[in-house]
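The residues making up each chain are set out below.
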Amino acid sequence: QVVSRAFGLKPGETARSRRCRDQHATPQVTVPEALAIVKELNREPDSVRRDIRRRVSENVSQASLQNRVTESLHCPLAGATGMCACAMSRPLVCRGRCVAGYDAAPEVDEWSVTLGEGLARGVSETLQVAGLDAGRYDLNEALAKLLDRSDAGERWSHGERVLVSLEQPQSV
(Lines give C-alpha, C1' and ligand atoms only; values in the text may rest on other atoms or scores of the structure.)
Protein backbone atom coordinates (compact mmCIF):
# COMPACT_ATOMS: atom_id res chain seq x y z
CA GLN A 1 0.00 0.00 0.00
CA VAL A 2 2.89 2.38 0.70
CA VAL A 3 4.18 1.90 -2.83
CA SER A 4 0.69 2.42 -4.29
CA ARG A 5 0.36 5.65 -2.29
CA ALA A 6 3.77 6.81 -3.51
CA PHE A 7 2.47 6.47 -7.06
CA GLY A 8 -1.08 7.44 -6.12
CA LEU A 9 -3.91 7.69 -8.55
CA LYS A 10 -5.03 11.11 -9.71
CA PRO A 11 -8.59 12.19 -8.81
CA GLY A 12 -11.03 10.32 -11.01
CA GLU A 13 -8.36 7.92 -12.24
CA THR A 14 -8.86 4.20 -11.85
CA ALA A 15 -6.15 1.59 -11.55
CA ARG A 16 -7.32 0.16 -14.86
CA SER A 17 -6.50 3.45 -16.61
CA ARG A 18 -2.78 3.13 -15.91
CA ARG A 19 -0.77 2.97 -19.12
CA CYS A 20 2.69 1.54 -19.40
CA ARG A 21 5.09 3.51 -21.53
CA ASP A 22 7.55 0.60 -21.56
CA GLN A 23 5.21 -2.15 -22.73
CA HIS A 24 7.78 -3.43 -25.19
CA ALA A 25 9.97 -4.82 -22.42
CA THR A 26 9.28 -7.49 -19.85
CA PRO A 27 10.37 -6.75 -16.30
CA GLN A 28 12.30 -8.97 -13.95
CA VAL A 29 10.28 -9.89 -10.84
CA THR A 30 10.74 -11.62 -7.52
CA VAL A 31 8.59 -14.60 -6.63
CA PRO A 32 6.30 -12.57 -4.32
CA GLU A 33 5.76 -9.98 -7.06
CA ALA A 34 4.81 -12.75 -9.52
CA LEU A 35 2.52 -14.35 -6.92
CA ALA A 36 0.75 -11.02 -6.32
CA ILE A 37 0.21 -10.64 -10.06
CA VAL A 38 -1.22 -14.16 -10.28
CA LYS A 39 -3.54 -13.41 -7.36
CA GLU A 40 -4.81 -10.26 -9.10
CA LEU A 41 -5.22 -12.11 -12.39
CA ASN A 42 -7.30 -14.77 -10.65
CA ARG A 43 -9.86 -12.06 -9.85
CA GLU A 44 -10.13 -11.09 -13.52
CA PRO A 45 -12.66 -12.50 -16.00
CA ASP A 46 -11.70 -15.73 -17.75
CA SER A 47 -11.27 -13.86 -21.04
CA VAL A 48 -8.56 -11.62 -19.54
CA ARG A 49 -6.74 -14.58 -17.99
CA ARG A 50 -6.90 -16.53 -21.25
CA ASP A 51 -5.48 -13.57 -23.18
CA ILE A 52 -2.57 -13.17 -20.75
CA ARG A 53 -1.86 -16.92 -20.76
CA ARG A 54 -1.78 -16.79 -24.57
CA ARG A 55 0.65 -13.84 -24.58
CA VAL A 56 2.87 -15.52 -21.96
CA SER A 57 2.92 -18.74 -23.98
CA GLU A 58 3.68 -16.91 -27.23
CA ASN A 59 6.48 -14.89 -25.62
CA VAL A 60 8.11 -17.94 -24.02
CA SER A 61 7.83 -19.91 -27.27
CA GLN A 62 9.23 -17.04 -29.34
CA ALA A 63 12.13 -16.56 -26.93
CA SER A 64 12.88 -20.27 -27.00
CA LEU A 65 12.88 -20.34 -30.80
CA GLN A 66 15.13 -17.31 -30.96
CA ASN A 67 17.36 -18.55 -28.11
CA ARG A 68 17.01 -15.36 -26.10
CA VAL A 69 15.40 -14.14 -22.92
CA THR A 70 11.83 -12.93 -23.07
CA GLU A 71 12.53 -9.58 -21.43
CA SER A 72 12.99 -8.04 -24.88
CA LEU A 73 9.48 -9.11 -25.88
CA HIS A 74 6.16 -7.40 -25.15
CA CYS A 75 5.02 -7.42 -21.56
CA PRO A 76 2.21 -9.98 -21.24
CA LEU A 77 0.30 -7.66 -18.88
CA ALA A 78 0.10 -4.78 -21.35
CA GLY A 79 -3.00 -4.86 -23.49
CA ALA A 80 -3.27 -3.47 -27.00
CA THR A 81 -3.99 0.01 -25.62
CA GLY A 82 -1.06 -0.07 -23.20
CA MET A 83 -3.30 -0.60 -20.19
CA CYS A 84 -1.76 -2.82 -17.52
CA ALA A 85 -3.92 -5.79 -16.58
CA CYS A 86 -2.40 -5.79 -13.09
CA ALA A 87 -2.07 -2.13 -12.27
CA MET A 88 -2.51 -2.68 -8.54
CA SER A 89 0.08 -5.46 -8.25
CA ARG A 90 2.38 -4.52 -11.12
CA PRO A 91 6.09 -5.24 -10.60
CA LEU A 92 7.99 -2.75 -8.47
CA VAL A 93 10.26 -1.74 -11.34
CA CYS A 94 7.12 -0.86 -13.35
CA ARG A 95 5.69 1.43 -10.72
CA GLY A 96 7.58 4.40 -12.07
CA ARG A 97 6.92 3.53 -15.68
CA CYS A 98 3.16 3.05 -15.47
CA VAL A 99 1.56 6.44 -15.24
CA ALA A 100 -1.76 7.92 -16.29
CA GLY A 101 -1.27 8.80 -19.92
CA TYR A 102 2.09 9.88 -21.20
CA ASP A 103 2.36 13.31 -19.62
CA ALA A 104 4.84 12.80 -16.77
CA ALA A 105 7.51 15.48 -16.57
CA PRO A 106 11.02 14.08 -17.29
CA GLU A 107 12.28 14.82 -13.76
CA VAL A 108 9.29 13.00 -12.22
CA ASP A 109 9.73 10.08 -14.61
CA GLU A 110 13.41 9.69 -13.73
CA TRP A 111 12.66 9.85 -10.00
CA SER A 112 9.85 7.32 -10.32
CA VAL A 113 11.99 4.81 -12.22
CA THR A 114 14.84 5.22 -9.74
CA LEU A 115 12.47 4.68 -6.82
CA GLY A 116 10.92 1.59 -8.44
CA GLU A 117 14.33 0.06 -9.10
CA GLY A 118 15.44 0.87 -5.54
CA LEU A 119 12.33 -0.75 -4.09
CA ALA A 120 12.90 -3.87 -6.19
CA ARG A 121 16.53 -4.08 -5.05
CA GLY A 122 15.48 -3.63 -1.41
CA VAL A 123 12.87 -6.38 -1.65
CA SER A 124 15.41 -8.78 -3.17
CA GLU A 125 17.95 -8.03 -0.45
CA THR A 126 15.34 -8.47 2.29
CA LEU A 127 14.19 -11.80 0.83
CA GLN A 128 17.78 -13.00 0.74
CA VAL A 129 18.33 -12.06 4.39
CA ALA A 130 15.12 -13.94 5.28
CA GLY A 131 16.48 -17.05 3.55
CA LEU A 132 13.86 -16.98 0.81
CA ASP A 133 14.36 -17.13 -2.94
CA ALA A 134 15.49 -13.59 -3.76
CA GLY A 135 16.09 -14.21 -7.45
CA ARG A 136 14.66 -11.93 -10.09
CA TYR A 137 12.97 -13.78 -12.90
CA ASP A 138 11.62 -12.86 -16.30
CA LEU A 139 7.91 -12.09 -15.86
CA ASN A 140 6.83 -14.23 -18.83
CA GLU A 141 8.67 -17.28 -17.55
CA ALA A 142 7.54 -16.74 -13.95
CA LEU A 143 3.89 -16.45 -14.98
CA ALA A 144 4.19 -19.53 -17.21
CA LYS A 145 5.25 -21.48 -14.12
CA LEU A 146 2.92 -19.93 -11.55
CA LEU A 147 -0.42 -19.35 -13.28
CA ASP A 148 -1.55 -22.92 -12.65
CA ARG A 149 0.14 -23.56 -9.30
CA SER A 150 -2.28 -22.59 -6.55
CA ASP A 151 0.10 -23.94 -3.90
CA ALA A 152 3.14 -21.95 -5.08
CA GLY A 153 2.80 -19.17 -2.49
CA GLU A 154 2.71 -21.52 0.45
CA ARG A 155 5.54 -23.62 -0.93
CA TRP A 156 7.67 -20.52 -1.54
CA SER A 157 6.97 -19.17 1.99
CA HIS A 158 8.38 -22.43 3.38
CA GLY A 159 11.63 -21.89 1.51
CA GLU A 160 11.02 -23.88 -1.66
CA ARG A 161 12.46 -22.36 -4.81
CA VAL A 162 9.27 -22.64 -6.86
CA LEU A 163 10.93 -21.13 -9.93
CA VAL A 164 14.18 -23.07 -9.59
CA SER A 165 13.95 -24.63 -13.04
CA LEU A 166 14.09 -21.22 -14.72
CA GLU A 167 17.52 -20.57 -16.11
CA GLN A 168 19.74 -18.10 -14.29
CA PRO A 169 17.61 -15.98 -11.97
CA GLN A 170 18.55 -12.33 -12.37
CA SER A 171 19.77 -10.30 -9.43
CA VAL A 172 19.16 -6.57 -9.18
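Structure shown above.
Residues numbered from 1 in each chain as written. Predicted model: local features only at pLDDT ≥ 70, side-chain atom pairs only at ≥ 80, totals over all residues. Heavy atoms only, no water.

1. Points about the overall build of the protein
Next up, step 1: Helix and strand content of the protein: six helices and four strands.
Next up, step 2: Helices and strands appear in the protein in the N-to-C order α-β-β-α-α-β-α-β-α-α.
Next up, step 3: The buried share of the protein, taken over its 172 residues, is 42%.
Next up, step 4: Surface exposure of the protein reaches about 9,300 Å², of which carbon and sulfur atoms provide 53%. (Helix = DSSP H or I, 4+ residues; strand = E, 2+ residues; numbered from the N terminus. Buried < 20%, exposed > 50% of the residue type's maximum accessible area, 1.4 Å probe, protein only. Areas by Shrake-Rupley, 256 points an atom, 1.4 Å probe, with all protein chains shown as cover.)

2. Topic: the pattern of salt bridges
Next up, step 1: Counting across every chain of the model gives nine salt bridges.
Next up, step 2: Arg55 is the partner of Asp51 in a salt bridge, and the nearest nitrogen-oxygen pair spans 2.5 Å. Of this pair, Asp51 and Arg55 both sit in helix α3 (residues 46-66), four residues apart, which is roughly one turn of the helix.
Next up, step 3: Of the residues examined, Asp51 reaches a relative accessible area of 27% and is grouped as partly exposed.
Next up, step 4: Salt-bridge contacts for Asp148 lead to Arg53; the nearest nitrogen and oxygen are separated by 2.7 Å. Of this pair, Asp148 sits in the loop between α5 (139-146) and α6 (152-157) while Arg53 sits in helix α3, and the two are 95 residues apart along the sequence.
Next up, step 5: Linked through salt bridges whose partners overlap, the residues forming this network are Asp51, Arg54, Arg55 and Glu58. (Salt bridge = Lys/Arg side-chain N within 4 Å of Asp/Glu carboxyl O.)

3. Some details on helix α2 (residues 31-41)
Next up, step 1: Among the 11 residues that make up α2, eight are buried, leaving the element largely enclosed by the rest of the structure.
Next up, step 2: Within α2 the residues assigned to the buried category are Val31, Glu33, Ala34, Leu35, Ile37, Val38, Glu40 and Leu41.

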